[in-house]
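# Inside the fold
Given next are the chains, with one letter for each unit.
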Amino acid sequence: EYQKNTNIRLTLPVVCFVWQIAMIILFGVFIRYDEESDTHWVETKAHDNITSDIENDFYFRYPSFQDVHVMIFVGFGFLMTFLKRYSFGAVGFNFLIASFGLQWALLMQGWFHSLDPQTGKIFIGVESLINADFCVAGCLIAYGAVLGKVSPVQLLVMTLFGVTLFAVEEYIILNLLHARDAGGSMVIHTFGGYYGLTISWVLYRPNLHQSKRMQGSVYHSDIFAMIGTLFLWMFWPSFNSAITDHGDGQHRAVINTYLCLASTVLTTVAISSFSQKTGKLDMVHIQNSTLAGGVALGTAAEFMISPYGALIVGFLCGIISTMGYIFISPFLEKTLKIQDTCGIHNLHAMPGVIGGIVGAITAAAASESVYGKQGLINTFDFTGDFKDRTVLTQGGYQAAGMCVSIVFGVAGGAIVGSILKLPIWGDPADENCFDDEVYWEHPSHSGVQQPHDPQAARPVSPFSMLCLTISQN
Amino acid sequence: EYQKNTNIRLTLPVVCFVWQIAMIILFGVFIRYDEESDTHWVETKAHDNITSDIENDFYFRYPSFQDVHVMIFVGFGFLMTFLKRYSFGAVGFNFLIASFGLQWALLMQGWFHSLDPQTGKIFIGVESLINADFCVAGCLIAYGAVLGKVSPVQLLVMTLFGVTLFAVEEYIILNLLHARDAGGSMVIHTFGGYYGLTISWVLYRPNLHQSKRMQGSVYHSDIFAMIGTLFLWMFWPSFNSAITDHGDGQHRAVINTYLCLASTVLTTVAISSFSQKTGKLDMVHIQNSTLAGGVALGTAAEFMISPYGALIVGFLCGIISTMGYIFISPFLEKTLKIQDTCGIHNLHAMPGVIGGIVGAITAAAASESVYGKQGLINTFDFTGDFKDRTVLTQGGYQAAGMCVSIVFGVAGGAIVGSILKLPIWGDPADENCFDDEVYWEHPSHSGVQQPHDPQAARPVSPFSMLCLTISQN
Amino acid sequence: EYQKNTNIRLTLPVVCFVWQIAMIILFGVFIRYDEESDTHWVETKAHDNITSDIENDFYFRYPSFQDVHVMIFVGFGFLMTFLKRYSFGAVGFNFLIASFGLQWALLMQGWFHSLDPQTGKIFIGVESLINADFCVAGCLIAYGAVLGKVSPVQLLVMTLFGVTLFAVEEYIILNLLHARDAGGSMVIHTFGGYYGLTISWVLYRPNLHQSKRMQGSVYHSDIFAMIGTLFLWMFWPSFNSAITDHGDGQHRAVINTYLCLASTVLTTVAISSFSQKTGKLDMVHIQNSTLAGGVALGTAAEFMISPYGALIVGFLCGIISTMGYIFISPFLEKTLKIQDTCGIHNLHAMPGVIGGIVGAITAAAASESVYGKQGLINTFDFTGDFKDRTVLTQGGYQAAGMCVSIVFGVAGGAIVGSILKLPIWGDPADENCFDDEVYWEHPSHSGVQQPHDPQAARPVSPFSMLCLTISQN
């Protein structure tokens, strides 16, 4: 292979500048405050007979929004720091593409979901911010599959197209099919998972073993990754409830997700321990599979799945996801040539599909006796054009929604992967994958020697340098 | 000593599976959504003339719940990462037992506190989730005493019995004695502290010095532990206010806890510095004793203890807790044979007892002139069977409650400790304590060499290997 | 230079004790619960016809308060952990001075803003806690300039005076000039920035290069610092909205800050990449300059700056702040003799000034057509003595406010710097700067050898010791 050029001194700044200027122009043309975040709200309140400021949607959604925001930036970012020398790239590029993606998502989702036909404007409020964060999550999931193997420019391109595809599939699933998917099992996790896996498949590197020394974790990188795991795990109830109905809808989604995730932890530990000769646990499983329950309850969290139902979903997902790491990931790599750095197939794609199926079944099984007449209408939004839809039909449309998300993920990933294969994006050579030194100024290169203990900070004698030189030759 | 068998490949998966299946069955039989998280809430609202969704208890409690949730999983988990090579066990086993414990707590607390006599069901909402997290906290405190010396199976057993005992003592203290303890100085910290200390006393290891090389911290493990410290410290106002009365009750508990903890930091620093020849600070004190004020205000946080009263409690606790680390911990270990890895006696047991006393005194000193007539009734819940109780009587019952929590902690710990002494649980030998390698696949064992600096990641020459071999022989 | 005495065994404990006792006495005399956190609230509710507990200000502000609290203790604390061996000091001293500062701030801000003339008391609630945290932020910013070069006693003195100066300049800017500054571009960031820079200038150390080996970061300290960066970045929308008007005011401030910060990330990455020969990114820029947009929107976040306006502010700040690190910081150090450890000039001082200017311009440009008549009055609080003020006049007063904050920062810093120059505070010698060993018991000194990998924990052979001795001689 020819020596790859990873110099991104022109491409990265140009892409960041031009795209950010485009965002400013498009926001200037299209984006405005919605009526609850505009100074005219005092008039809206009077007009709508709203008696207290506390009924502003801000107070229903803001705590959940902040939790979701933490999941996007700390959760996803730190979950990917597990590699011994790619933590800067994990946290830093996650930061970059999420910051771009959320702006583009506000526009794309705005055009598809909330463009005001009279004014031609998109009016945004706190729920728009949550949806933008959700949309970004799909792309960050995809990043997990290609972690360490792509350049930041490729990631930005992947995010541009990912957000675009997301907005379209979301429109089809939520608006046209009228499927419910408040926590995004389908629109976020299934789509994001297959989008990333397909891209990774297109970008297959047969000689990736050349960077084997940089794969795997070190002790402290695994602990950093647990920060990501725990913030995702703890705030997942907020994720699945962030845009559900006010009142009982948010309340129930929290309870279901809380229980489901607790159950997942126990079966993950069980399978992880059982898979080793002496019962030792594997950090990879604990960091990832414990989260599968949250993914799988993304669609059904707001339904009356009942507390034990949530436990069952978590129970199964812990098993399936951990087994995925043990059996399916090696198979995907060897046989299907899909190199999945973070194992997103086990954490997002499979559990996402399970979530879609669980959602379709629980929707189809919903009954007026359990939900109440009005409760059924509220939960499935059987109003307007959909007021005559039955729960069975709804189940069917839920299943159809899941297929749409897979199709968009695979087809979109194939196209975007081909674009990313062009030799202009500054991706690293096989032997330089998973190495922060390619795209980051390293502390150890800053002239000051990098000490790992207090001793090492002291001046190094020529003799010592000689020793090192000889021994590492 | 015979070589201990730490193979948990059967016991751990079996316990996780069987107990999780039991949870599913029991949840199926007993647990249902409460009226505020059920789709029938739309009818409840109409029936009770509730005008806005925002009056769902969810919006009063959810932000506090999420903060408490962070304390349980990140706070307790990371606080225990200070050991140089037991961070996986700290965060990972904390994750496991909390996930099991909260399910079991929902059942146990449900049976004792909210079993509906007509339907035989337990109806859960966001406050139940908070109480489950609280219950788990007691067991996580106990984990601190035995950190590094027990197997995950032992921890699960300890949690099973711990939650059970907790629910009973909590029922006696809060319902029968009608003591107030919103932040759990007595029911959580005193109980959890003495439960753990007694277990550690029963499991005394005379030859623990054999693992001395694994005790103590390294630089970065101390910083990880500060993540735990700070998230506990910052969110403690949420902890102490999470289940207090709506409105002024939550508001006041936050102010008191915020002030108390600030005061604790200053006296902790003062004593820590004064205890060293040159005034240097000890990370152990900063990580732990700074939190003692929050523990000690668990009972009185919702009372009219007044801002300067909160400062005084914090002032004293910083001193007592830090002195505990300097003087009492060595005494406990040498004389009483209690090996307390994290010093929970100084952070939870003693401050918990102080909190019980502070609560009894401030309750007994409450007056209508300070609280107002209705305020007094609201704060101490002088309604129903207790409508004629005086504040002096209340003070007495508060003190009685504290005794109950100590008795349950010590007696329960003795029994559970004896069970855990059975040689079937896979606990480590004395020389393998505080070592993650016993229960965790280590990154360094994964075939890929573990580098601690970029140099080390490069191929190592035979010469270098020889050097290492000789010098480490 | 004579050998400096860094023994603080007397000064630090005495300062902590005496000041904390002073706090208790002053709180006893002055501080009381406000009507929303007092048990008499049940009467207030009846009197004011408040129908629901949810209208207690607690529920409008508490989620934002907790986010701000996280920014103060984890955000600022961890942002400063980037130095290879000063992370204890970064997190620990930040913890200490913030804990003292918030108590003193409640008193100082209370005396200036909310002393009840009839009772002579200060009544505090959740908004007071937020303001106290804000006030502390100013001092923590100043800490960034002198990080690693001062003793904890000096930091406490700096905080005592810093909080005092803050309360006065805040009173002048917000009350006398009636400028708006909800997120504190002027009162927090500009003041804090220049306060710290001037102190650092007075304390200039010409021989600081003697501790060069301790400057700079190591791989994992940079990742710890990213924890600080991200929690600041994610919660900045809460910071800028925490004390804005209920309803649309908080809602709009969140949207603006969210967008502004996203934009900053892209231009920071662009400039950082462009500044290196091969386009590599510099962690210093990513850790700091990505936050500049939040600082610069502190004043205008609650205005109708419009979404694209927020993006433009972020766009410019990312560029200016990153360029500051590249060009201005070296200039400040070499020419102006200002040693700015964390680069607070680029993160707080400059963006703060920009924020003041943006605030003045957007205020002057406000119109009834955009804000609505009542909206304009609400946003700029044109009531009481200020009911006839025009937006143009308001713009002028905003600009005047910015000048006040600079003057207070520089003049206050000069005075306080002179006090800190006295040779009684136990500051470190030039060759011991940036070294935790001066003020912290080190893990490696605790008798147990400190291993950096499992091997190192094992006994070291004499041969190995010899090798080390020779090579490091």
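Basis of the calculations
Residues numbered from 1 in each chain as written. Chains lettered and ligands numbered in written order. Predicted model: local features only at pLDDT ≥ 70, side-chain atom pairs only at ≥ 80, totals over all residues. Heavy atoms only, no water. Contact = heavy atoms within 4.5 Å. Buried area = accessible area lost by both parts, 1.4 Å probe. Polar contact = N/O pair within 3.5 Å; in protein donor to acceptor, adjacent residues only side chain to side chain. Helix = DSSP H or I, 4+ residues; strand = E, 2+ residues; numbered from the N terminus. Nonpolar A, V, L, I, M, F, W, Y, C, P; charged D, E, K, R; others polar. Least-squares fit on C-alpha atoms with pLDDT ≥ 70 in both. Salt bridge = Lys/Arg side-chain N within 4 Å of Asp/Glu carboxyl O. Disulfide = S-S within 2.5 Å. Buried < 20%, exposed > 50% of the residue type's maximum accessible area, 1.4 Å probe, protein only. UniProt positions renumbered as here; feature names shortened; annotations may be inferred. Patch = residues over 30% accessible without salt bridge, like charges linked within 9 Å, V, L, I, M, F, W, Y side chains within 5 Å. Areas by Shrake-Rupley, 256 points an atom, 1.4 Å probe, with all protein chains shown as cover.

## Quick word on the interface of chain B and chain C
Across the contact, 86 residues belong to chain B and 87 residues belong to chain C. Summed over both partners, the interface of chain B with chain C buries about 7,400 Å², with 73% contributed by carbon and sulfur atoms. For chain B, the biggest contributors to the area lost against chain C are Tyr219(B), Tyr258(B) and Leu266(B); these three give 12% of the whole. Summed over the shared surface of chain B and chain C, the result is 25 residue pairs in polar contact (both at pLDDT 80 or more). Listed by contribution, the elements that provide at least two residues to the side of chain B that touches chain C are α3 (57–79), α8 (219–241), α9 (248–274), α10 (283–288), α12 (307–334), α14 (368–371), α15 (373–380) and α17 (462–472) of chain B. Counting residues per element, the side of chain B that touches chain C draws most heavily on α9(B), at 19 residues. Its residues placed into classes, the side of chain B that touches chain C shows 42 nonpolar, 31 polar and 13 charged.

## Thoughts on the relation of the copies chain C and chain A
Overlaying chain C with chain A gives an RMSD of 0.0 Å, the required rotation being 120° about an axis along which the chain moves by 0.0 Å. Both copies are brought into coincidence by an operation consistent with a three-fold rotation axis. Closest approach to the rotation axis among the C-alpha atoms of chain C is made by Pro63(C), whose C-alpha sits 3.6 Å away. Comparing contact sets, just 15% of the residues at the interface of chain C also lie at the interface in chain A, consistent with a heterologous contact between different surfaces.

## Overview of unusual backbone geometry
Although it is not a glycine, Phe434(B) sits at a positive phi angle of roughly 60°. Mapping Phe434(B) onto the fold places it in the loop between α16 (391–421) and α17. Of note in the backbone geometry, His178(C) takes a positive phi value of approximately 55° without being a glycine. Relative to the elements of secondary structure, His178(C) occurs in the loop between α6 (152–176) and α7 (185–202).

## Some words on the interface of chain C and chain A
Contact with chain C, which involves 87 residues of that partner, is made by 87 residues of chain A. Across the chain C-chain A interface, the total number found is zero salt bridges. Where chain C meets chain A, there are 25 residue pairs in polar contact (both at pLDDT 80 or more). Looking at the side of chain C that touches chain A, the elements with two or more residues in it are α3 (57–79), α8 (219–241), α9 (248–274), α10 (283–288), α12 (307–334), α14 (368–371), α15 (373–380) and α17 (462–472) of chain C. Top contributing element to the side of chain C that touches chain A by residue count: α9(C), with 19 residues. Residue composition of the side of chain C that touches chain A, by class: 43 nonpolar, 31 polar and 13 charged.

## Thoughts on the relation of the copies chain B and chain C
Least-squares fitting of chain B to chain C yields an RMSD of 0.0 Å, with the transformation described by 0.0 Å of translation along the axis and a rotation of 120°. Little of the interface of chain B is mirrored in chain C, where only 15% of its interface residues again form contacts.

## Description of the state of the cysteines
Residue and element names in this part refer to chain B. Going through the model one piece at a time under the given rule, you end up with zero disulfides over all chains. With no disulfide of its own, cysteine 135 lies 5.9 Å from the sulfur of cysteine 139, the closest cysteine sulfur. The buried category is assigned to cysteine 135, whose relative accessible area is 0%.

## Focus: the UniProt feature "domain: Ammonium transporter AmtB-like" (unreviewed entry) in chain A
The UniProt entry lists residues 56–438 of chain A under the feature "domain: Ammonium transporter AmtB-like" (unreviewed entry), expressed in the numbering used here. The span residues 56–438 of chain A is 69% helical and 1% strand by assignment, and the distance between its end C-alpha atoms comes to 48 Å.

## Let's talk about a nonpolar patch on the surface
Nonpolar side chains collect at one region of the surface, where Leu10(A), Val14(A), Val18(A) and Phe274(C) lie side by side and expose about 380 Å² of accessible area between them. As for its placement among the helices and strands, Val18(A) is situated in helix α1 (residues 11–30). What makes Val18(A) partly exposed here is its relative accessible area of 48%.

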